[in-house]
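One letter stands for each residue in the lines below.
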Number of protein chains: 2
Amino acid sequence: MGGSRSMIFADCSSSTTARLVPFGRSRLLCGGGALCARRRLHVGVGPSLPASLRTTLTVHSSPSPSLPVMNATMASEASAKVIDGKAVAKQIRDEITGEVSRMKDAIGVVPGLAVILVGDRKDSATYVRNKKKACQSVGINSFEVHLPEDTSEQEVLKHISVFNDDPSVHGILVQLPLPCHIDEQSILNAVSMEKDVDGFHPLNIGRLAMRGREPLFIPCTPKGCIELLHRYGFDIKGKRAVVIGRSNIVGMPAALLLQREDATVSIVHSRTKNPEEITRQADIIISAVGQPNMVRGSWIKPGAVIIDVGINPVEDAKSPRGYRLVGDVCYEEACEVASAITPVPGGVGPMTIAMLLSNTLTSAKRVHNFQ
Amino acid sequence: MGGSRSMIFADCSSSTTARLVPFGRSRLLCGGGALCARRRLHVGVGPSLPASLRTTLTVHSSPSPSLPVMNATMASEASAKVIDGKAVAKQIRDEITGEVSRMKDAIGVVPGLAVILVGDRKDSATYVRNKKKACQSVGINSFEVHLPEDTSEQEVLKHISVFNDDPSVHGILVQLPLPCHIDEQSILNAVSMEKDVDGFHPLNIGRLAMRGREPLFIPCTPKGCIELLHRYGFDIKGKRAVVIGRSNIVGMPAALLLQREDATVSIVHSRTKNPEEITRQADIIISAVGQPNMVRGSWIKPGAVIIDVGINPVEDAKSPRGYRLVGDVCYEEACEVASAITPVPGGVGPMTIAMLLSNTLTSAKRVHNFQ
């Protein structure tokens, strides 16, 4: 996510949609990059997480000279539980490590993930490296093919075909985006259904949409979002859920997943006339649009649970890299209204890779009929 | 639709959800089967329909002794345009007749639809007969296989396979429901993707859900709903749409279609806690739940457009058959609040068969590359 986006400057306070939160609090500023108080947020951990994971996170923010300083009373209003994706992902990876080892001992099979990278995008190279490292950390074999930018579609298809036929490969992932001369759709369609650990095959999506059908794989990022809700013990059934964004890889499958869990789902997108009003009805918000700080405090129903999928780089002179990452949701404002929220980074991000490992394990178990 | 449901008695007035409509009108009764005034409803016809289709429909209702009589002022408040599915379906069938004839003249090919019926359900037999008649009326060849109730799954699969291989068959339809001993999923999966005119294959549904993908076929009933909106010139883009019901054959694909048309879609279902409140936000309502008169006037935003997919038999001693058909929406109440509504019967029903013929024609054109 996010890596392909151009650098943008965005603070909550710069948005034209700024409003007072919908219950009688005096608010003078809208956090984002302009929060001045040093605040201690409670990092809550769901019931299924071990007590050892319980901790507190200290958020440092630098004062903005042009905005009034937040006083202690306002700071203490921050009450949202932080949904610690890093900790949950760690727990899931530990579980996967155990399962990989158990399978190896029992039937001598080690799950394998093949990654195909075409071209020299730095962000893609980083993602692939992270996936490889994650595989190693849980004992999954990883195979990598790195092809030059000008590789033909035919050549990529040939590599997919080899991995399709290789019994030591249980998952195949083609790192997106592909160079323009390659048709993404034909590449993704070529990946064997049984090894489509990304879950992007239309047959998988169709099964996800249909009641009584089971997809072979659930796309990693939306699966990670739902897994966070589950592990923190948040009810989904009967809740109002709003998914912001309708991409094939996050928004749409996230909406289908919430629907499968008996939420009442609305999808908000670029053509939606009143996104704020609709979002404010949600008990659960999943945002995946790639717009930094778009979802303001005023968009959020008090007590809502927020899963922020956005990973957006925004300029930050104070950061050694010159930028920092923020979500789609104005974190500081949301913390004052929501009951729980994922941070960016450290929320959904780590879950995506954990789910990729989980899908690869599932695939290996399925093909070897290992319970 | 509807045929498999048991007979029920339901008038709007018997529902516990009865409320005043949400704008200051004095309402003493809720129409349904208990309307007493003879009312003339304007049957509006969309801009793309020929003027010859413009007409008025006179609705007769008998007085109910236990309810007060509606006065003339109230009767005149009825303003909803009736969306005449019968007229639109007729127009579409005329268009198909022209296309079938043009294709036959140009390349000597006649589209063919094969229908497989298993068992002796009277309603299923009626549906199959109607489909056959509809084919004849537009010049599409129809093939029918009627198998006894105790036919094995293997035997049904054999017939599907024969039709899959038969080049004169461009569409295959297995009439549902199937007898219990036959697995619906394996039967539907066996129908060749290229002949799946019902559009129920998960690969079709997946493509329907995904942006940038095109399904080979769109399921007939939801396609008919959208076609009605299009032909009457109702905007979908940017509108709030609520789909009530999430079945694989109507609700879910209808929601996906509305989403493709850039509506902001919410799906209301049996686990939704406040269906009335959510439905009342919709500019477009598509209801497909099979609950007679469930959607009351109070559920409807003034000016909303209503597509009622429900076809529910309710007891009616005054009808020669002892029952009559009503929709999911309390028609009389809706007429006073909505700007347009499909009647039951004569709304979505005729559109479903028209869309089946359309899908069969599309299939034949595609396989012969005929524009």
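Residues numbered from 1 in each chain as written. Chains lettered and ligands numbered in written order. Predicted model: local features only at pLDDT ≥ 70, side-chain atom pairs only at ≥ 80, totals over all residues. Heavy atoms only, no water.

(A) Up close: the interface of chain A and chain B. Residue-level contacts link 35 residues of chain A with 36 residues of chain B. With both chains or domains summed, chain A and chain B bury close to 3300 Å², and 48% of this area falls on carbon and sulfur atoms. Run the count over chain A and chain B and you get four salt bridges. Between A:Asp262 and B:Arg246 there is a salt bridge, and its shortest N-O distance comes to 2.7 Å. If you look at where chain A meets chain B, you find 17 residue pairs in polar contact (both at pLDDT 80 or more). Elements supplying a minimum of two residues to the side of chain A that touches chain B: helix H5 (184-190), helix H6 (202-209), helix H8 (251-260) and strand S8 (264-268) of chain A. Looking at the side of chain A that touches chain B, the element that brings in the most residues is H6(A), giving six residues. Considered class by class, the residues forming the side of chain A that touches chain B number 11 nonpolar, 14 polar and 10 charged. (Contact = heavy atoms within 4.5 Å. Buried area = accessible area lost by both parts, 1.4 Å probe. Salt bridge = Lys/Arg side-chain N within 4 Å of Asp/Glu carboxyl O. Polar contact = N/O pair within 3.5 Å; in protein donor to acceptor, adjacent residues only side chain to side chain. Helix = DSSP H or I, 4+ residues; strand = E, 2+ residues; numbered from the N terminus. Nonpolar A, V, L, I, M, F, W, Y, C, P; charged D, E, K, R; others polar.)

(B) Main features of the UniProt feature "domain: Tetrahydrofolate dehydrogenase/cyclohydrolase catalytic" (unreviewed entry) in chain A. Taken from the UniProt record, the annotation "domain: Tetrahydrofolate dehydrogenase/cyclohydrolase catalytic" (unreviewed entry) applies to residues 83-198 of chain A. Summarising residues 83-198 of chain A: 52% helix, 16% strand, and an end-to-end C-alpha distance of 24 Å. (UniProt positions renumbered as here; feature names shortened; annotations may be inferred.)

(C) Geometry of the pattern of salt bridges. Scanning the entire structure with this criterion turns up 30 salt bridges over all chains. In this structure, the salt-bridge partner of A:Lys90 is A:Asp94, at a minimum N-O distance of 2.8 Å. Remark: A:Asp94 and A:Lys90 occur in helix H2 (residues 85-107); sequence separation between them is four residues, near one turn of the helix. Here B:Arg121 makes a salt bridge to B:Asp123, at a shortest N to O gap of 2.9 Å. Classification of B:Arg121 by relative accessible area gives partly exposed; the value is 32%. Of the residues examined, B:Asp123 reaches a relative accessible area of 16% and is grouped as buried. Overlapping salt bridges, with partners in common, bring together A:Glu95, A:Glu227 and A:Arg231 in one network. (Buried < 20%, exposed > 50% of the residue type's maximum accessible area, 1.4 Å probe, protein only.)

(D) Expanded view of the domain arrangement of chain A. By the assigned domains, chain A splits into domain 1 (108-196) and domain 2 (219-349). One C-alpha centre belongs to domain 1 of chain A, the other to domain 2 of chain A; they are set 28 Å apart. (Domains from an automatic or database assignment.)

(E) Inspection of the sheet that holds strand S4 (residues 112-118) of chain A at higher detail. Residues and elements named next belong to chain A. As summarised here, the arrangement of the three strands in space is S5-S4-S6, forming an open sheet in which the pairing is parallel. Single-partner strands in this sheet number two, and they are strand S5 (141-147) and strand S6 (171-174). The average angle at which neighbouring strand axes cross in this sheet is 15°, direction not considered. As paired elements, S4 and S5 share seven bridges and run parallel to each other. Within S5, the position partnered with Gly112 by the bridge is Asn141. Contacting S4, S5 and S6, helix H3 (residues 122-138) crosses the sheet at an angle of about 170° to S4. (Pairing = 2+ DSSP bridges. Axes fitted to C-alpha atoms, helices over the stretch in contact; angles between N-to-C directions.)

(F) Highlighting the environment of A:Phe370. By secondary structure assignment, the location of A:Phe370 is in the segment after helix H11 (348-367). The spatial distance from the C-alpha of A:Phe370 to the C-alpha of A:Glu332 is 46 Å, given a sequence separation of 38 residues.

(G) Up close: the relation of the copies chain A and chain B. For the pair chain A and chain B, the best superposition has an RMSD of 0.0 Å and corresponds to a rotation of 180° with a translation of 0.0 Å parallel to the axis. In the structure described here, the two chain copies are related by an operation that fits a two-fold rotation axis. Closest to the rotation axis within chain A is the C-alpha of A:Gly206, separated from it by 1.7 Å. (Least-squares fit on C-alpha atoms with pLDDT ≥ 70 in both.)

(H) Molecular detail of the sheet that holds strand S4 (residues 112-118) of chain B. All names here are of chain B. In space, the three strands of this open sheet follow the order S5-S4-S6, with parallel pairing throughout. Strand pairing shows two members of the sheet lacking a second neighbour, strand S5 (141-147) and strand S6 (171-174), which therefore form its edges. On average, adjacent strands in this sheet sit at an angle of 15° to one another, irrespective of strand direction. Where S4 lies against S6, four bridges are found, and the strand directions are parallel. Note that in S6 the partner of Ala114 across the bridge is Ile172. The sheet contacts of helix H3 (residues 122-138) involve S4, S5 and S6, and relative to S4 the element is tilted by about 170°.

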